Amino acid sequence: MSDYNHNMYRLDTPLGTVTGVGPSLWRVFEEIPLKTVKDLLLFVPLRYEDRSQRATISSLVAKELMTLEAEVVSCKTFYRGRRTITTAKIKDDTGQISAMWFNNRFMQSKLKAGEHYLFSGAKNDRGILLQPVVEDVKDNTIHTDRLVPRYSTMTGIKEGTLRRILKHILDNLCKAEDELAALNLDILDLPSTLTQLHFPDNDELVVKARERLALEELLSLMKKSQAIKAIWQEKRDAPACRLRIEKTRSYVPKLPFMLTQGQQKAVSELLHDISQSEPMNRLLVGDVGSGKTVVAGIAAQQIIYNQRSVALVAPTRILAEQHAQTLRQLFPQLPIVLVISGSQAKLTAEPTLFIGTHAVINTFEKIQPALLIYDEQHRFGVKQRSQAAELSYSPHVLTMSATPIPRSLMLTIFAHLQLSTINELPAGRLPVKTWVIPEKKRHDGYDWIISELAKMELSSGQKAQAFVVCPFIDPSRSEALENVAAVSQKYQELEKYFAPLKAAAPKLALLHGRLAKTDQKTIIDDLRAGETDILVTTPIVEVGIDIPTANIMVIEAAERFGLASLHQLRGRVGRAGQQAYCLLFSHSQKAHERLEKFSKITKGNELAELDLQYRGAGDIFGTQQHGFDELKFANWADFELIGKAKKLFEQVQSHHLDLFFEPPTLQPAQVPQAN
Ligand code: ADP
Ligand code: MG
């Protein structure tokens, strides 16, 4: 970055020094945390709104978002109770229309009679332009007359402010050498990438910008993986486990089921690795429900026979509690201790399987587990992982994930990993029958659930249960009030709907992230004990929950979920081998085709491919989709891009490449990480 001058921003410029960022805004940024210009540039829009369609006043169509240039005739503000209402008459060559804003005092001072402005908004049925966005007439607009980025508002920062600051930064970003663009002429350069990401000229350029960032992301992963490999290749100081194979042999037949071939193979690969003094770094990949937990349990058992401890890290507390419960059932002889924040679990020196959320990581140094197992790694934040990276010894590491990524591609990116895959589901599993239910049949759907649950209980003699899942309105803050409000409302609606059934009404329970942890546990325990018929919940049950008697999964506003999430949710039912059902409700006409396709595909890897098809330009206007991974831009199913990244990586390996996503420098003491 040679031509830096003090007017220009560099990627590492602290946000506090950016023009327009006052002390209070800076404090908000720091809390998120967004510290540098680069951090803010990576605060990616959730979607884009098309405000580029121009209209005249006479050609406005009710409820269609349009931008028009018009002159303000008059403007006044009055009060209705506690509300401020500002109205303006505006005109162009084709006519005149009234515009109206609520509680927007700023508008009155902005609009000057006789001046021209751009207005972006839609006319309502009564012919009033409601709450249009207003901007001065100019070429390089920010809020109107273009594809406008929409950001999460959960940070408390106004979108308009964010846009203004981002535009200012992008217009004044200093030019840096772009090695990647120099190597590969087919990609956008970095400044255009960042500009198009926030203020795209058209759909295709959003896709191009994301592609460039995806490529960087993949390259950065490869670079990191190679560095880990180089450090760990030489290591021979992991606890080599003296295998007591006969114990596992006599134990496995006592399990309540036969291990599948995939499970058996994974077990033997794992046991081989932990018997070596070279630290294991293995990823166990298996589709939802393929039975990864028991495989991990068998490895844990061997370590404990060797008088060492094991730590199993789950992404959520609910999942940690569940793992403790199921592993206690499957391995009654195994000493298991649940370590979650707030619990007073004793960190015994006895060989133990410790199970917990990231809180368990803080204890690693003390208990020095010989094997670390990370479940559902793709749900892990970077923070937890760097925490685990600070250990001073070399444990074996097993990571488990349902991310459907082909073996060859996985090895392409993660040079430091060994891979075990479980390709089949336990025998006798039936595909979950999935239907998209039109809104007008909603009540029929509810009625069907009740009668189906009763029917299933009659025929199997076992409890039958349903989940009703409402989406997170803002996925970035799962315990946000608006998320809780949506699910609570659904709960009340269902209570009311079923109330007339009196004694025959199903027993409902409500679960969300705002409830006290102990209450969450009680709710899950009740569900497991069969005391609840229908659990109305946010997607906090999405990953890993194993309630074998659950047979029906209802998903509200299904269009708001990515295919990966839908697949995870659907994987929560029918886990005991019974026929199970998934009902998808959706208001979105646009999403219909995608949901219909989802209903016909049951395999994770096929869904990952489908997911990719829907990530083209068409999707930039939709809700942001969660992918099958924790990648921000890249997608595991994008084989082409991964191939391209691999080629590029080989090209640049010889010299140092400055990447936008620079992997953290590795210390020799770092634990091998899965990704
Ligand atoms: P996942 O791979 O999604 O983590 P789990 O380990 O939670 O799957 O297993 C899903 C369910 O299948 C559990 O109830 C588990 O006890 C059961 N299970 C695991 N292996 C088998 C098997 N070989 N045959 C039948 N059921 C199995
Ligand atoms: Mg699991």
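The text that follows walks through the structure, step by step, so that each part is easy to find. (Residues numbered from 1 in each chain as written. Chains lettered and ligands numbered in written order. Predicted model: local features only at pLDDT ≥ 70, side-chain atom pairs only at ≥ 80, totals over all residues. Heavy atoms only, no water.)

Digging into the side chain of threonine 434
Structurally, threonine 434 is set in strand β15 (residues 433–437). In terms of polar contacts, threonine 434 uses its side chain to reach the backbone carbonyl oxygen of valine 432, at 3.2 Å. In this structure the side chain of threonine 434 is engaged in a polar contact, spanning 3.0 Å, whose partner is the side chain of arginine 570. When residues no more than four places from it in sequence are discounted, the contact partners of threonine 434 are Arg570, Cys582, Leu584, Phe598 and Ser599. (Helix = DSSP H or I, 4+ residues; strand = E, 2+ residues; numbered from the N terminus. Polar contact = N/O pair within 3.5 Å; in protein donor to acceptor, adjacent residues only side chain to side chain. Contact = heavy atoms within 4.5 Å.)

A few points about the packing of aromatic side chains
Pairs of aromatic rings are described using the distance from one ring centre to the other and the angle between the two planes. Counted according to the given criterion, the structure contains ten aromatic pairs. Centroid distance tyrosine 251 to phenylalanine 331: 5.1 Å. Interplanar angle 20°. Geometry classified as stacked. In this pair, tyrosine 251 is assigned in helix α8 (residues 245–251) and phenylalanine 331 in the loop between α11 (317–330) and β10 (336–339), connecting sequence segments 80 residues apart. Residues tyrosine 446 and tyrosine 497 carry aromatic rings whose centres are separated by 5.3 Å and whose planes lie at 65° to one another, so their mutual orientation is edge-to-face. Taken together, the positions of tyrosine 446 in helix α15 (residues 442–460) and tyrosine 497 in helix α16 (residues 481–498) put the pair 51 residues apart, joining distant regions of the chain. Judged by its relative accessible area of 24%, tyrosine 497 is partly exposed. Taken together, the ring pairs connect Tyr446, Tyr497, Phe498 and Phe585 into an aromatic cluster. (Phe/Tyr/Trp six-rings, centres within 6.5 Å; stacked < 30°, edge-to-face > 60°. Buried < 20%, exposed > 50% of the residue type's maximum accessible area, 1.4 Å probe, protein only.)

Re the pattern of salt bridges
Counted according to the given criterion, the structure contains 32 salt bridges. The shortest N-O distance in the salt bridge between lysine 521 and aspartate 525 comes to 2.9 Å. Placement of the pair is lysine 521 and aspartate 525 together in helix α17 (residues 517–528), with a separation of four residues, close to one helical turn. A residue is classified by how much of its surface remains accessible, and lysine 521, at 33% relative accessible area, is partly exposed. A relative accessible area of 28% places aspartate 525 in the partly exposed class. (Salt bridge = Lys/Arg side-chain N within 4 Å of Asp/Glu carboxyl O.)

Examining the site of ligand 1
Around ligand 1, the surrounding shell holds 16 residues, and the nearest of these are Met258, Gly289, Thr293, Arg429 and Arg575. Within the backbone of glycine 291, one N or O atom sits 3.0 Å away from an oxygen atom of ligand 1. Here an oxygen atom of ligand 1 and a side-chain polar atom of threonine 293 are 2.6 Å apart. Contact with the protein chains hides 84% of the accessible area of ligand 1, taken as 570 Å² for the molecule alone. (Near = heavy atom within 4 Å. Areas by Shrake-Rupley, 256 points an atom, 1.4 Å probe, with all protein chains shown as cover.)

Focus: the packing of α11 against α17
For any two helices packed against each other, one specifies the inter-axial angle together with the distance between the axes. Here α11 crosses α17 at 45°, and the two axes come no closer than 10 Å. Classified by the angle between their axes, α11 and α17 sit oblique to one another. As α11 runs across α17, the sense of the crossing is right-handed. In this structure, α11 contributes Arg317, Ile318, Glu321, Gln322 and Gln325 to the contact, and α17 contributes Lys517, Gln520, Lys521, Ile524, Asp525 and Arg528. Counted by class, the contact of α11 with α17 contains two nonpolar, three polar and six charged residues. (Axes fitted to C-alpha atoms, helices over the stretch in contact; angles between N-to-C directions. Parallel < 35°, antiparallel > 145°, perpendicular 65-115°, else oblique. Left-handed = near helix turned anticlockwise from the far one by under 90°. Nonpolar A, V, L, I, M, F, W, Y, C, P; charged D, E, K, R; others polar.)

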